[in-house]
Amino acid sequence: MYDARQQYQQQSVQTASPEKLIEKLYEAGIQACHQEDRDTLRKVLLELIESLNVEQGGELADRLLGIYEYCLNECATGDLDVIRELLEELRDGWKQGVVEGQPA
């Protein structure tokens, strides 16, 4: 059962659009907060930072970078509930503004 689930997850990541991958990162970060898994959360936040295109993204990318860096700093010693709430808000906005506007 585990192998089948792992294969499904791997295939869903390999075939997902870049927009859907960001949504999956938000989900993984939220889950890591619930599980108090700071290592995974840190990896997710670093991946979100790497995904930003600051040159093309302009002010929005700069603001997201600031939020991700804040979360990364809080991840070390801070309250994971604050990070979870931020990631949930970002995920919801991302889904409404980007993912739901994509063709199926």
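Residues numbered from 1 in each chain as written. Predicted model: local features only at pLDDT ≥ 70, side-chain atom pairs only at ≥ 80, totals over all residues. Heavy atoms only, no water.

S.K.: What exactly am I supposed to notice about the overall build of the protein chain here?
M.R.: Scanning the protein chain from N- to C-terminus turns up 5 helices and 0 strands. Walking the protein chain from its N terminus toward its C terminus, one meets helices and strands in the order α-α-α-α-α. Burial analysis of the protein chain (104 residues in total) assigns 29% to the buried set. Contacts spanning at least 24 positions in sequence make up 57% of the contacts within the protein chain whose residues lie at least 6 apart. Of the roughly 7,300 Å² that the protein chain leaves accessible, carbon and sulfur atoms contribute 47%. (Helix = DSSP H or I, 4+ residues; strand = E, 2+ residues; numbered from the N terminus. Buried < 20%, exposed > 50% of the residue type's maximum accessible area, 1.4 Å probe, protein only. Contact = heavy atoms within 4.5 Å. Areas by Shrake-Rupley, 256 points an atom, 1.4 Å probe, with all protein chains shown as cover.)

S.K.: I would appreciate a short explanation of the environment of Tyr26 in the present structure.
M.R.: Along the chain, Tyr26 falls in helix H2 (residues 18–34). The contact partners of Tyr26, leaving out residues within four places of it in the chain, are Leu48, Leu64, Tyr68, Leu87, Leu90, Arg91 and Trp94.

S.K.: I keep staring at the packing of H2 against helix H5 (residues 80–97) and nothing clicks. Help me out?
M.R.: Two measures define how a pair of helices packs: the angle their axes make with one another and the distance between the axes. Contact pair H2 / H5: the axes reach a minimum separation of 9 Å and the direction vectors enclose 160°. In terms of orientation, H2 lies roughly antiparallel with respect to H5. Handedness of the crossing formed by H2 with H5: left-handed. Mapping the contact onto sequence places Glu19, Ile22, Glu23, Tyr26, Glu27, Gly29, Ile30, Cys33 and His34 in H2 and Leu80, Ile83, Arg84, Leu87, Glu88, Leu90, Arg91, Trp94 and Lys95 in H5. Tallied by class, residues from the contact of H2 with H5 come to 9 nonpolar, 2 polar and 7 charged. (Axes fitted to C-alpha atoms, helices over the stretch in contact; angles between N-to-C directions. Parallel < 35°, antiparallel > 145°, perpendicular 65-115°, else oblique. Left-handed = near helix turned anticlockwise from the far one by under 90°. Nonpolar A, V, L, I, M, F, W, Y, C, P; charged D, E, K, R; others polar.)

S.K.: Help me out: how do you make sense of the layout of surface pockets in this one?
M.R.: If a probe as big as a water molecule is rolled over the atoms, it shows which places are left empty. The calculated volume of the largest pocket comes to roughly 370 Å³. Along the walls of the largest pocket sit 17 residues, with Ser51, Leu52, Leu60, Leu64 and Trp94 positioned nearest its centre. Only H2, helix H4 (54–77) and H5 provide two or more residues apiece to the lining of the largest pocket. The element that contributes the greatest number of residues to the lining of the largest pocket is H4, accounting for 7 residues. Classifying every residue of the lining of the largest pocket gives 11 nonpolar, 4 polar and 2 charged. (1 Å grid on protein atoms, 1.4 Å probe; cavity = no way out; pocket = protein on both sides within 12 Å on 5 of 7 lines; lining within 4 Å. Points joined across faces, edges and corners; volume = space filled by probe spheres on them.)

S.K.: Which parts of the structure should I look at to understand unusual backbone geometry?
M.R.: Both trends apply: most residues other than glycine have a negative phi, and most peptide bonds are in trans. The backbone of Glu36 shows a phi angle near 55°, a positive value even though the residue is not glycine. By relative accessible area, which is 62% here, Glu36 ends up exposed.

S.K.: Is there a simple way to explain the state of the cysteines in this structure?
M.R.: Between two cysteines, a covalent bond joining their sulfur atoms is known as a disulfide. Under the counting rule described, the total for this entry stands at 0 disulfides. The structure places no disulfide on Cys33, whose sulfur is separated from the nearest cysteine sulfur, that of Cys75, by 7.5 Å. (Disulfide = S-S within 2.5 Å.)

S.K.: What exactly am I supposed to notice about the nonpolar core here?
M.R.: Inside soluble globular proteins, nonpolar side chains tend to come together where they are buried. Membership of the largest hydrophobic core comes to 21 residues, with the highest contact counts inside it found for Tyr26, Leu41, Leu45, Leu48, Tyr68, Ile83 and Leu87. No other element matches H2, which puts 6 residues into this core. Tyr68 has contacts with Tyr26, Leu45, Leu48, Ile49, Leu52 and Leu90, leaving out every residue within four places of it along the chain. (Core = buried A, V, L, I, M, F, W, Y, C linked by side-chain atoms within 4.5 Å.)

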